[in-house]
Amino acid sequence: MNTHRTARRLVTRAATAAALATALGLGAVPAATATGPSAAPLSVRPAGTDPDGSWHQDGLRLKAADNKKVDAFVLRARRAERAISPAVRAAARISHADLIGFDQRLKSPDSLKRKVATSMQESPGRSVDTSLGMINDAVRFTLQWPADQYSQGVHTAAGLLSAWGNDSTRWANTWNRTAGYKAINSAWRAPRSHQLFEVQFHTPESKAAQLETHKLYEEQRLPGTPPERVHELQAQQNAIFAAVPVPPGAERLTAPDRREPAPDPARRLPVPAHAPAA
């Protein structure tokens, strides 16, 4: 069976449903700055920010000028999210996915700063701009299906995102790994803002394993974690993910083909409406 052809048929079939989803108001996403613990106002100096504008946490540091650039990056991501979330929500509903952790769709400023500072520490000479350019999960989503619906669901959701003009920039399918994390982590570039965003495709079992191993992973990646502890933490994560069942056909799932805009009728349909700017 040609899974790509099947996916294209599903996308075409889903295009009408996409228009219906738009009419039903799926785009009415609450402003991200009003939801969740990650939405603390940037005007209030958060813990870790020094009086001179620099930042430090867990042995990591950013100079004031670099910290300012990360804050600007956070604001751009928050603005772009208002147009990205409606499309992801529509793709989730059409593909019968559960949208997990939607209130945490924005990575917190401190988490982004840890990521940037770690990147610059591990690669001396790397600039803050280069480090920021490598981040694709400032805006992130998780779609989840039962194992028996997973492969078809991923085909449909990814195909819709592509048909609506989002470019696939990364597709990491780790279902065929013999050890470690199991899921699909994808990254996309939004058509208007060009903001990168991440979509993880999970089953309930793989998501539960991710949550269970999160603290282990965070400790593992800290700069001061001794090598022997790093190996121990990885072994614990491997054991947890080894118990996750692989959905039928999941290891063969690939990113949607890039589409030319003219021949594809799905691209001529309106992208799900987005919330008006605040």
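Below is a summary of the structure that appears in this document. On a predicted model such as this, the values are computed, not experimentally measured, just so you know. (Residues numbered from 1 in each chain as written. Predicted model: local features only at pLDDT ≥ 70, side-chain atom pairs only at ≥ 80, totals over all residues. Heavy atoms only, no water.)

Side note on the side chain of Ser95
At step 1: When you line up the elements, Ser95 lands in the loop between helix 2 (64-94) and strand 3 (98-100).
At step 2: Ser95 gets classed as buried once you look at its relative accessible area, which sits at 6%.
At step 3: Looking at Ser95, its side chain comes within polar contact range of the main-chain oxygen of Ala91, at 2.7 Å.
At step 4: For Ser95, the side chain forms a polar contact with the main-chain oxygen of Ala92, separated by 3.3 Å.
At step 5: For Ser95, the contacting residues outside a window of four places in its chain are Trp145, Gly153, Thr156 and Ala157. (Helix = DSSP H or I, 4+ residues; strand = E, 2+ residues; numbered from the N terminus. Buried < 20%, exposed > 50% of the residue type's maximum accessible area, 1.4 Å probe, protein only. Polar contact = N/O pair within 3.5 Å; in protein donor to acceptor, adjacent residues only side chain to side chain. Contact = heavy atoms within 4.5 Å.)

Section: the sheet that holds strand 3
At step 1: Pairing in this open sheet of 5 strands is mixed, and the strands run 3-4-7-6-5 from one edge to the other. Since the sheet does not close on itself, it has two edges, and those belong to strand 3 and strand 5 (167-173), each with one partner. Across the sheet, the mean angle from the axis of one strand to that of its neighbour is 25°, orientation sign disregarded.
At step 2: Relative to strand 4 (residues 140-144), strand 3 runs antiparallel, the two sharing 3 bridges. Bridge pairing in strand 4 links Asp98 to Gln144.
At step 3: Of the strands in this sheet, strand 3, strand 4 and strand 7 (196-202) are in contact with helix 6 (residues 204-221), which crosses strand 7 at around 115°. (Pairing = 2+ DSSP bridges. Axes fitted to C-alpha atoms, helices over the stretch in contact; angles between N-to-C directions.)

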